[in-house]
Amino acid sequence: MLQEQEAHAAEMERTFIAIKPDGVQRGLISEIISRFERKGYKLVAVKIVIPSKDFAQKHYHDLSERPFFNGLCEFLSSGPVLAMVWEGEGVIKYGRKLIGATDPQKSEPGTIRGDLAVVVGRYKHHSTEVMALRQRRMRLNCGSNQRKLVNYTSNAEKWVYGVN
Ligand code: GDP
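What counts as what
- Residues numbered from 1 in each chain as written.
- Predicted model: local features only at pLDDT ≥ 70, side-chain atom pairs only at ≥ 80, totals over all residues.
- Helix = DSSP H or I, 4+ residues; strand = E, 2+ residues; numbered from the N terminus.
- Buried ≥ 20, exposed ≤ 12 C-beta atoms within 10 Å, placed from the backbone.
- Contact = placed C-beta atoms within 7 Å.
- Pairing = 2+ DSSP bridges.
- pLDDT = per-residue confidence, 0-100.
- Core = buried A, V, L, I, M, F, W, Y, C linked by C-beta atoms within 7 Å.
- Arc of directions from axis to C-beta.

Draft legend 1. Quick look at the overall build of the protein. A count of helices and strands for the protein gives eight helices and four strands. Within the protein, the proportion of its 164 residues that are buried is 30%. Put simply, of all contacts in the protein between residues at least 6 apart along the chain, 69% involve residues at least 24 apart.

Draft legend 2. Representation of the pairing of strand β3 (residues 81–87) in the model. Most of β3 is tucked away, with six of its seven residues classed as buried. Across six bridges, the pairing between strand β1 (residues 13–19) and β3 is antiparallel. Across the sheet, A18 pairs through a bridge with A83, a residue of β3. By the bridge criterion, seven bridges tie strand β2 (residues 42–49) to β3 in an arrangement that is antiparallel. The residue bridging K47 from the neighbouring strand is A83, located in β3.

Draft legend 3. Molecular detail of the confidence of the model for the protein. On average, the protein scores 76 in pLDDT, and the residues at 70 or more come to 66%. Taken element by element, the protein is modelled with least confidence in strand β4 (residues 133–139), mean pLDDT 45, and with most confidence in helix α3 (residues 29–39), mean pLDDT 96. Segment residues 122–132 is flagged for pLDDT under 50; beyond a separation of four residues in sequence, or across chains, it makes 35 contacts in the model. As scored by the predictor, the complex reaches a pTM of 0.77 and an ipTM of 0.96.

Draft legend 4. Quick peek at the pairing of β1. In terms of burial, β1 is largely enclosed, as seven of its seven residues are buried. Of the two faces of β1, the one lined by E13, T15, I17 and I19 and the one lined by R14, F16 and A18 are each fully buried.

Draft legend 5. The nonpolar core, seen in detail. Core analysis: the largest hydrophobic core is formed by 22 residues, its most contacted members being A18, L76, V81, L82, M84 and W86. Elements that contribute at least two residues to this core include exactly β1, α3, α5 (69–76), β3 and α6 (91–99). When near neighbours in sequence (up to four residues on either side) are disregarded, W86 contacts R14, T15, I17, F36, Y41, K42, L43, V91 and G95.

Draft legend 6. Local environment of α6. For α6, the set of buried residues is V91, G95, L98 and I99. Axial view of α6: buried residues confined to an arc of 95 degrees, hence all on one face. Downstream of α6 by a residue or two, G100 has a phi angle that is positive, lying close to 100 degrees.

Draft legend 7. Quick look at the environment of K93. Locating K93 in the fold gives a position in helix α6. Taking the C-alpha atoms as reference points, K93 and E13, 80 residues apart in sequence, are found 9.8 Å from one another.

Draft legend 8. Spotlight on the environment of G23. For G23, the location among the structural elements is in helix α2 (residues 21–25). For G23, a count of 25 C-beta atoms within 10 Å corresponds to the buried category. On a C-alpha basis, the gap between G23 and R38 in space is 19 Å, while along the polypeptide they are 15 residues apart.

Draft legend 9. Focus on the environment of I32. With respect to the helices and strands, I32 occurs in helix α3. The exposure class of I32 is buried, given the 21 C-beta atoms found within 10 Å. It is 20 Å that separates the C-alpha atoms of I32 and F75, two residues lying 43 residues apart in sequence. Non-local contacts of I32, meaning those with residues more than four positions away in its chain, are made with I19, G23 and I112.

Right, dumping it as structure tokens:
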């Protein structure tokens, strides 16, 4: 039985999800958290931060060649961001489903972006602010102690746990 539990725990997934400044400013934190909770996922870490521009650039380094990169990084560091780690079976893939497609025009009704956003977000001066989230996929062995959490290598995780 114990072995079974351990095996199950070892398969448990976690994913990083952030609510960007527009979502926080629009008062959508509880709405978004409740969608994940109602599905059955567990919020295992949460932190509110205002990332520096430098931090934002590292976080989005994979998009550095894209034309919207600068605006995106400026936007991310323009205000409070809610950084979260969610846990649960299939949360990596299903979390994406809950969020919806990156472009809110293409995201289905019933998803966070489909229901709450209109355009792809970038700059803080846009009057139609956008629901923007960031998901980082990761699978890790979380069957043992809390210390494992701080061994995450991704910047995103360090964010939540306050480790540099
Ligand atoms: P996400 O995981 O759905 O947020 O998508 P990505 O990680 O690919 O992109 C990160 C963020 O970059 C998105 O949330 C948008 O704010 C922004 N972004 C992505 N694609 C575009 C685009 O084609 N145009 C603009 N303006 N912004 C984009």
